[in-house]
Amino acid sequence: MSLLMCPVCRQSLNLVENSWRCEKGHHYDVAKQGYVNLHVVQHKHSKSPGDTPESVLARREFLQAGFYQPLQQAVVEILQQLKPQAILDIGCGEGYYTSAMQAHTQQCIGVDIAKTAVQRAAKLNAEVVWVVGTGATLPVQNHSIDICTSLFSPIPQDEIVRVLRDDGYLIVVTPAPKHLFDLREALFEQVNLHEPQKFVEQLDAQFELKQAHLVEAPLQLDQVALKNLIAMTPYAYKANLERRKGLEQAQQFTVTAAFQIYLFQKRKKPSM
Ligand SMILES: C[S@@+](CC[C@H](N)C(=O)[O-])C[C@H]1O[C@@H](n2cnc3c(N)ncnc32)[C@H](O)[C@@H]1O
Ligand SMILES: [Zn+2]
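Residues numbered from 1 in each chain as written. Chains lettered and ligands numbered in written order. Predicted model: local features only at pLDDT ≥ 70, side-chain atom pairs only at ≥ 80, totals over all residues. Heavy atoms only, no water.

1. Observations concerning the side chain of Ser99
In plain terms, the rule: For helices the rule is a DSSP run of H or I covering at least 4 residues; for strands it is a run of E covering at least 2, with both sets numbered from the N terminus onward. Summary of the burial criterion: residues with accessible area below 20% of their type's maximum are buried, those above 50% are exposed, and those between are partly exposed, where the area comes from a 1.4 Å probe applied to protein chains only. Whether two residues are in contact is decided by their heavy atoms, any of which lying within 4.5 Å being enough.
Along the chain, the position of Ser99 falls in helix H3 (residues 96-101). Accessibility expressed as a relative area gives 17% for Ser99, which makes it buried. Not counting residues within four places of it along the chain, the set of residues in contact with Ser99 comprises Leu124, Asn125 and Trp130.

2. Comments concerning the UniProt feature "binding site: Zn(2+)" (unreviewed entry) in the protein
What counts, and what does not: UniProt positions are given in the numbering used here, feature names are shortened, and annotations may be inferred rather than shown by experiment.
Per the UniProt record, "binding site: Zn(2+)" (unreviewed entry) is annotated on Cys6, Cys9, Cys22 and His26. With the annotated positions falling across 21 residues, the maximum pairwise C-alpha distance of 8.4 Å places them together in a single cluster. Along the chain, Cys6 falls in the segment before strand E1 (14-16). With residues up to four places along the chain from it excluded, the contact list for Cys6 reads Gln11, Leu13, Cys22, His26 and Tyr28. Here Cys9 lies in the segment before E1. Ignoring any residue separated from it by four or fewer positions in sequence, one finds Cys9 in contact with Cys22, Lys24 and His26.

3. Points about the environment of Gln141
Spelled out, the test is: Pairs of N or O atoms are called polar contacts if they sit within 3.5 Å, as long as, within protein, a hydrogen donor faces a hydrogen acceptor (for residues adjacent in sequence, only side-chain-to-side-chain pairs).
Its location among the elements puts Gln141 in the loop between strand E7 (129-132) and strand E8 (145-151). The class for Gln141 is buried, based on a relative accessible area of 19%. Distance in space between the C-alpha atoms of Gln141 and Pro49 is 23 Å, their sequence separation being 92 residues. Within the structure, the side chain of Gln141 is placed 3.1 Å from the backbone oxygen of Leu4, a separation counted as a polar contact.

Structure, rendered in structure tokens:
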């Protein structure tokens, strides 16, 4: 049974001959690259939303080189404990983590608002259901998902509560306070520490924190990897151009990536 929901009428979607169809007759063709576009015009605010093609490409090259493999592994280990049947990765990007998660569940959906990212993702793993869609209206049926994940991506709380089964889980990955500190120090006059804790506070009413893991990855970057790392982060456009150009001259750069992983469980609704 499919977990997808028609973004127009909210009925369930079924795959019939390469087209996802609802009972009301809305239909969405699977593109030849192997993804479906469920981002309907009613929900669109921009012509090409989400990450730019340049940052998607930089992220693909950086991640394929294995620099964030310790994080991918740590997320997989949590899935191995929980043994979910259905996972939804929100803001899946070009699919590096989604693709690894797929091996640990029966059904895996990756959704992202950026079409170019999903097109790249679809080439990685044909077992994932790749969807262009928005977190604001997740194209997924109510109470159908065991684990939602959001890695460095938006966290649409109410929609996550809607699609999760009772007792379902939410995995959030976000930069730890000193994530890429030396890199940021080279790019910015003043460096603010990341504040992962604020996610725990924001989610507290609907989600209970179950586990917190800090994952660190020391990185030895050559010039190409350094440029990709800068291009795939918001630093690309926030940093002073002179400083960025100066830093990008470096042949080698050593820095530590630090990730905060939170595992939350959906709280039970208070009984009336
Ligand atoms: C920093 S990237 C992270 C991508 C991926 N999770 C990773 O870690 O490699 C954030 C992603 O969120 C996507 N995004 C932004 N707003 C979104 C929305 N409203 N719905 C779905 N995806 C969104 C962007 O297109 C982008 O691919
Ligand atoms: Zn429909």
